Amino acid sequence: EPEVTQTPSHQVTQMGQEVILRCVPISNHLYFYWYRQILGQKVEFLVSFYNNEISEKSEIFDDQFSVERPDGSNFTLKIRSTKLEDSAMYFCASGGGNNQPQHFGDGTRLSIL
Amino acid sequence: EDQVTQSPEALRLQEGESSSLNCSYTVSGLRGLFWYRQDPGKGPEFLFTLYSAGEEKEKERLKATLTKKESFLHITAPKPEDSATYLCAVVNSGGYQKVTFGTGTKLQVIP
């Protein structure tokens, strides 16, 4: 069964450094998403991406964050200057269309020191 | 603002002891309600989508139902492998695809 894959599984970065999280969505999906989950808290929406542009973003997704689909298979989340509070599990998801369920990867655990 | 509240926060069942998990929601027009299962250290795994009040979906020991204000996930004769956190999430009719999650119900099934 096709699945969403994320790399790396764990990323440790110094505060103030840039980090790029990578995702390979399910191949025939058109909608792509990033979520985060701080330890012990709920899954929070960050951004949705469709037709090579951001379609919706939350208040968490400020100027420090950016997303990109650099080729036909990868989808990335960049955090320009990381803060301690960016430490969380980051999930990528993809979906086939409106009202279709989103399928999640197993996440990247980001630890900011 | 969309809100999703799940109860109970945690539930401990004996193997074979049926129960229900509750998800209450407030949205400005429901486009869809989703149930996911999340195992420790893993991403949410899709279970069901419900679109309108009165709709029901079933999969093995799980059955999801939907009313205009809440959804239930019924677990019949659970097994230890059903132990996980169950997440409820909604998409409103105005949002493009933004999913709002609840905090989940952590289910433990004891042999």
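Residues numbered from 1 in each chain as written. Chains lettered and ligands numbered in written order. Predicted model: local features only at pLDDT ≥ 70, side-chain atom pairs only at ≥ 80, totals over all residues. Heavy atoms only, no water.

**Details of the pairing of strand β8 (residues 70–75) of chain B**
All names here are of chain B.
- A one-sided burial pattern is seen for β8, the buried positions being Ser 71, Leu 73 and Ile 75 and the unburied ones Glu 70, Phe 72 and His 74.
- By the bridge criterion, six bridges tie strand β3 (residues 19–26) to β8 in an arrangement that is antiparallel. By the bridge assignment for β8, Asn 22 is matched with Phe 72.
- As paired elements, strand β7 (residues 62–66) and β8 share five bridges and run antiparallel to each other. Each bridged residue has a counterpart across the sheet, and for Ala 64 the counterpart in β8 is Leu 73. (Buried < 20%, exposed > 50% of the residue type's maximum accessible area, 1.4 Å probe, protein only. Helix = DSSP H or I, 4+ residues; strand = E, 2+ residues; numbered from the N terminus. Pairing = 2+ DSSP bridges.)

**Some thoughts on the interface of chain B and chain A**
- If you look at the interface, chain B gives 20 residues, while chain A gives 22 residues.
- Carbon and sulfur atoms supply 54% of the area buried between chain B and chain A, which totals about 1,900 Å² over both sides.
- The interface formed by chain B and chain A includes one salt bridge.
- In this structure, A:Asp106 engages B:Lys42 in a salt bridge whose closest nitrogen and oxygen atoms are separated by 3.6 Å.
- The tally of links from chain B across to chain A stands at three residue pairs in polar contact (both at pLDDT 80 or more).
- With four residues, the top contributor of residues to the side of chain B that touches chain A is strand β4 (residues 30–38) of chain B.
- Its residues placed into classes, the side of chain B that touches chain A shows nine nonpolar, eight polar and three charged. (Contact = heavy atoms within 4.5 Å. Buried area = accessible area lost by both parts, 1.4 Å probe. Salt bridge = Lys/Arg side-chain N within 4 Å of Asp/Glu carboxyl O. Polar contact = N/O pair within 3.5 Å; in protein donor to acceptor, adjacent residues only side chain to side chain. Nonpolar A, V, L, I, M, F, W, Y, C, P; charged D, E, K, R; others polar.)

**Regarding the sheet that holds β7(B)**
Residue and element names in this part refer to chain B.
- Within the open sheet, the five strands sit side by side as β1-β3-β8-β7-β6. Their pairing is antiparallel. The outermost strands of the open sheet, each flanked by one partner alone, are β1 (3–7) and β6 (56–59). For this sheet the average axis-to-axis angle between neighbouring strands, irrespective of direction, equals 15 degrees. (Axes fitted to C-alpha atoms, helices over the stretch in contact; angles between N-to-C directions.)

**Comments concerning the packing of aromatic side chains**
Residue and element names in this part refer to chain A.
- Considering all chains together, one arrives at 15 aromatic pairs over all chains under this definition.
- With a centroid separation of 5.9 Å and 25 degrees between ring planes, the pair formed by Trp 34 and Phe 75 is classed as stacked. Residue Trp 34 is found in strand β4 (residues 31–37), and its partner Phe 75 is found in strand β8 (residues 75–79); the two are separated by 41 residues along the sequence.
- Of the residues examined, Trp 34 reaches a relative accessible area of 0% and is grouped as buried.
- Residue classification places Phe 75 among the buried positions, given a relative accessible area of 0%.
- Taking 5.7 Å as the distance between ring centres and 75 degrees as the angle between the ring planes, the aromatic pair formed by Tyr 35 and Phe 45 counts as edge-to-face. (Phe/Tyr/Trp six-rings, centres within 6.5 Å; stacked < 30°, edge-to-face > 60°.)

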